[in-house]
Amino acid sequence: MMPETVEKTHYLMAGNLFVPEEAHLVTTVLGSCVSVCLWDGILRIGGINHYMLPFWNGEGLASPKYGNIATAKLIERLQELGSQKRNLRAKVFGGGIVLNVKNPFMNIGERNIQLAEDQLKSEGVPIVSADTGGNVGRKIIFNTGTGMVLMKKLTRQIDDIRI
Amino acid sequence: MDRIDDDMLIAEVRQRFEESRIAIANLRTMTQNLEAVNEKLRQSESLKSDFLSNIRNEIINPLSSILGLARQLIDKKADGRTAQEMAAAIYHEAFDLDFQMRNIFTAAELEAGDAGLSVANVDAAALIRGLVAAFGHKAAEKRLAVEFDCRGCSGGALPFKTDPDKLQKVLANLLANAIEFNLEGKRVLIAAWRDGDRLHISIADEGIGIPEQHRKKVFDRFVQLETGIRKRHHGHGLGLSITKALAELLGGTVSLASEEGKGCVFTVSVTEQEAGRDVDVLSGDGNEFIFGEGTSY
């Protein structure tokens, strides 16, 4: 159950990231998108992103809609709040299979998950828990004050979730 | 071990060759894609450096002229009529500067991932009329007629739930472009209509149009089709990249149709938002988790 001390809430939209100084309950809904929740156990602060595609390919704006930008920015923003990278722990969610595509190069969800794993590894941030993949959507609530994440798998068919 | 006859062996070898041929072909396509992306990223980085060096012309120069004109007004060096012209010049320079600065900050906000939605009931028709009035002086400079055809209006209003500030930025950029890239004495045609939970707004100009090969590129950041010494238009090439990102944030798209020599039509289509969605999502969820359906990590 949610600790009752946290009153501030935030709904995180796809393509955005959220790194508050004060504890928040952050809700987001994931289909093939991936959210990386980072938590610093020393400062007791956290941040979360929600990216849709693995890599920015130079089109449009260089926004956190793309995983390689979103996770780098997330770490950067926590460092701006005083976090040391070695104190960060990650939880990774999402990356469901949206369409039944045979070509492994085309599976966005899988590529999104892989990117999170690779990027966190190269940044030296351990993944302490994860729930990824499968033909499901997920709704998560991240408590940035305690690092706890509540997750619910969505029973709806993932094709209906346009995220 | 089973004996394998020659035919089976040949078939197996053939199949493996075929698989490796496909793998190599896939790899080649991937490599080509990577090369293209690489080139694009390199260009984007160099455009970003250009942007930083151009910022001087785009911001410092208008600011200098505003300061200069204001100084002369303070010193009372101008008579009534000249003073009014000077005030108008200050207004025009400041208007452009304000527009550019807002675009830069919007791009920064979008690239930082800080752009949330704040949804309200909006009268899209009033919003468009307001913009047409605000850009009136720019249209007048080029003797352009700006016509607004509100097909979806009832009683002159077109109510829609969206983020008014973001929709306004989208339309301001499209209107500014339609004026900037139009030919003198021509028209800008704006139309707005609803179709279920979608709102469509099209803005057409009668300029020279955009050639097919550039139609995708214009939505990339810092891209202007005329650069360097041929550049005749103000701005940083941010407008359409912002427009696209904002339209996506509003649950929609922006599309471009153009016939060379006849002009461009940009159409933005956005999806109606539920007001106060944040609150709903959380209050609903709290219960779902309390009653034990969720998992905690």
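Residues numbered from 1 in each chain as written. Chains lettered and ligands numbered in written order. Predicted model: local features only at pLDDT ≥ 70, side-chain atom pairs only at ≥ 80, totals over all residues.

(A) Structural context of the overall build of chain B. Counting secondary structure elements, chain B contains seven helices and eight strands. In summary, chain B has a C-alpha radius of gyration of 27 Å against a globular reference of 19 Å for 297 residues, an excess of more than 25%. Taken over the C-alpha atoms alone, chain B extends approximately 110 × 60 × 40 Å along its principal axes. Here chain B, with 297 residues, has 23% of them falling under the buried criterion. Taking all contacts inside chain B whose residues are at least 6 apart in sequence as the whole, residues at least 24 apart take part in 72%. (Helix = DSSP H or I, 4+ residues; strand = E, 2+ residues; numbered from the N terminus. Rg over C-alpha atoms; globule rule 2.2 N^0.38 Å. Buried ≥ 20, exposed ≤ 12 C-beta atoms within 10 Å, placed from the backbone. Contact = placed C-beta atoms within 7 Å.)

(B) Quick look at the overall build of chain A. When helices and strands are tallied, chain A shows two helices and nine strands. Along its sequence from the N terminus, chain A presents helices and strands in the succession β-β-β-β-β-α-β-α-β-β-β. Buried positions account for 50% of the 163 residues belonging to chain A. Look at the contacts in chain A between residues 6 or more apart in sequence, and 63% of them connect residues 24 or more apart.

(C) View of helix H3 (residues 124–134) of chain B. All names here are of chain B. Inspection of H3 places Ala124, Ala125, Leu127, Ile128 and Leu131 among the buried residues, and these make up the whole buried set. For H3, the buried positions fall inside an angular range of 160 degrees around the axis, keeping them on one side. Considering only its buried residues, H3 is in contact with strand S1 (120–123), strand S2 (145–150), strand S3 (159–162), helix H5 (164–180), strand S4 (187–195) and strand S5 (198–204). (Arc of directions from axis to C-beta.)

(D) Summary view of the pairing of strand S4 (residues 34–40) of chain A. Residues and elements named next belong to chain A. The buried count for S4 comes to seven of seven residues, which makes it a mostly enclosed element. Because side chains alternate across S4, one face comprises the buried residues Val34, Val36, Leu38 and Asp40, and the other comprises Ser35, Cys37 and Trp39, equally buried. Between S4 and the antiparallel strand that follows it, strand S5 (residues 45–49), lie four residues; Arg44 among them carries a positive phi value of about 55 degrees. (Pairing = 2+ DSSP bridges.)

(E) Highlighting the nonpolar core. In terms of nonpolar packing, the biggest core is built from 88 residues, with Leu38(A), Leu171(B), Leu175(B) and Ile203(B) touching the most fellow members. Ranked by residues supplied to this core, first place goes to H5(B) with nine residues. (Core = buried A, V, L, I, M, F, W, Y, C linked by C-beta atoms within 7 Å.)

(F) The arrangement of the sheet that holds S5(B) in detail. Residue and element names in this part refer to chain B. Across the sheet, five strands lie side by side as S2-S4-S5-S7-S6; this open sheet has mixed pairing. Because the sheet does not close on itself, it has two edges, and the strands there are S2 and strand S6 (253–259). Going across the sheet, the axis of each strand differs from the next one's by a mean of 15 degrees, ignoring polarity. Bridge count between S6 and strand S7 (residues 263–271): seven bridges; the pairing is antiparallel. Bridge pairing in S7 places Val254 opposite Val268. The sheet strands contacting helix H6 (residues 239–249) are S6 and S7, and the helix crosses S6 at an angle near 135 degrees. (Axes fitted to C-alpha atoms, helices over the stretch in contact; angles between N-to-C directions.)

(G) Region of the structure containing the domain arrangement of chain B. Residue and element names in this part refer to chain B. Once the domains are mapped, chain B shows domain 1 (1–115) and domain 2 (120–278). Taking only C-alpha atoms into account, the centre of domain 1 sits 19 Å from that of domain 2. Facing 17 residues of domain 1, the contacting portion of domain 2 comprises 15 residues. At the level of elements, helix H1 (6–74) and helix H2 (80–112) are the ones that each hand at least two residues to the side of domain 1 that touches domain 2. Counting residues per element, the side of domain 1 that touches domain 2 draws most heavily on H2, at nine residues. Classifying every residue of the side of domain 1 that touches domain 2 by side-chain character gives seven nonpolar, six polar and four charged. (Domains from an automatic or database assignment. Nonpolar A, V, L, I, M, F, W, Y, C, P; charged D, E, K, R; others polar.)

(H) Fine view of the packing of H3(B) against H5(B). All names here are of chain B. Interaxial distance between H3 and H5 falls to 10 Å at its minimum, and their mutual angle equals 45 degrees. The pairing of H3 with H5 is recorded here as oblique in orientation. Handedness of the H3/H5 crossing: right-handed. Contacts from Leu127, Ile128 and Leu131 of H3 reach H5 at Pro164, Leu167, Gln168, Leu171, Ala172 and Leu175. Class assignment of the residues belonging to the contact of H3 with H5 gives a composition of eight nonpolar, one polar and no charged. (Parallel < 35°, antiparallel > 145°, perpendicular 65-115°, else oblique. Left-handed = near helix turned anticlockwise from the far one by under 90°.)

(I) Region of the structure containing the sheet that holds strand S8 (residues 137–143) of chain A. Pairing is mixed in the open sheet, where five strands are placed in the order S1(A)-S3(A)-S8(A)-S9(A)-S8(B). Only two strands of the sheet have a single neighbouring strand rather than two, namely strand S1 (9–11) of chain A together with strand S8 (295–296) of chain B. Bridge count for strand S9 (residues 149–154) of chain A against S8(B) is two bridges, and the pairing is antiparallel. Bridge assignment links Leu150(A) to a residue of S8(B), and that residue is Ser296(B).

(J) Just unusual backbone geometry, in detail. For Arg44(A), which is not glycine, the phi torsion reads 55 degrees and is therefore positive. Tracing the backbone shows Arg44(A) in the loop between S4 and S5. A positive phi angle is found at Arg143(B), which is not glycine, with a value near 50 degrees. Assignment of secondary structure puts Arg143(B) in the loop between helix H4 (136–141) and S2.

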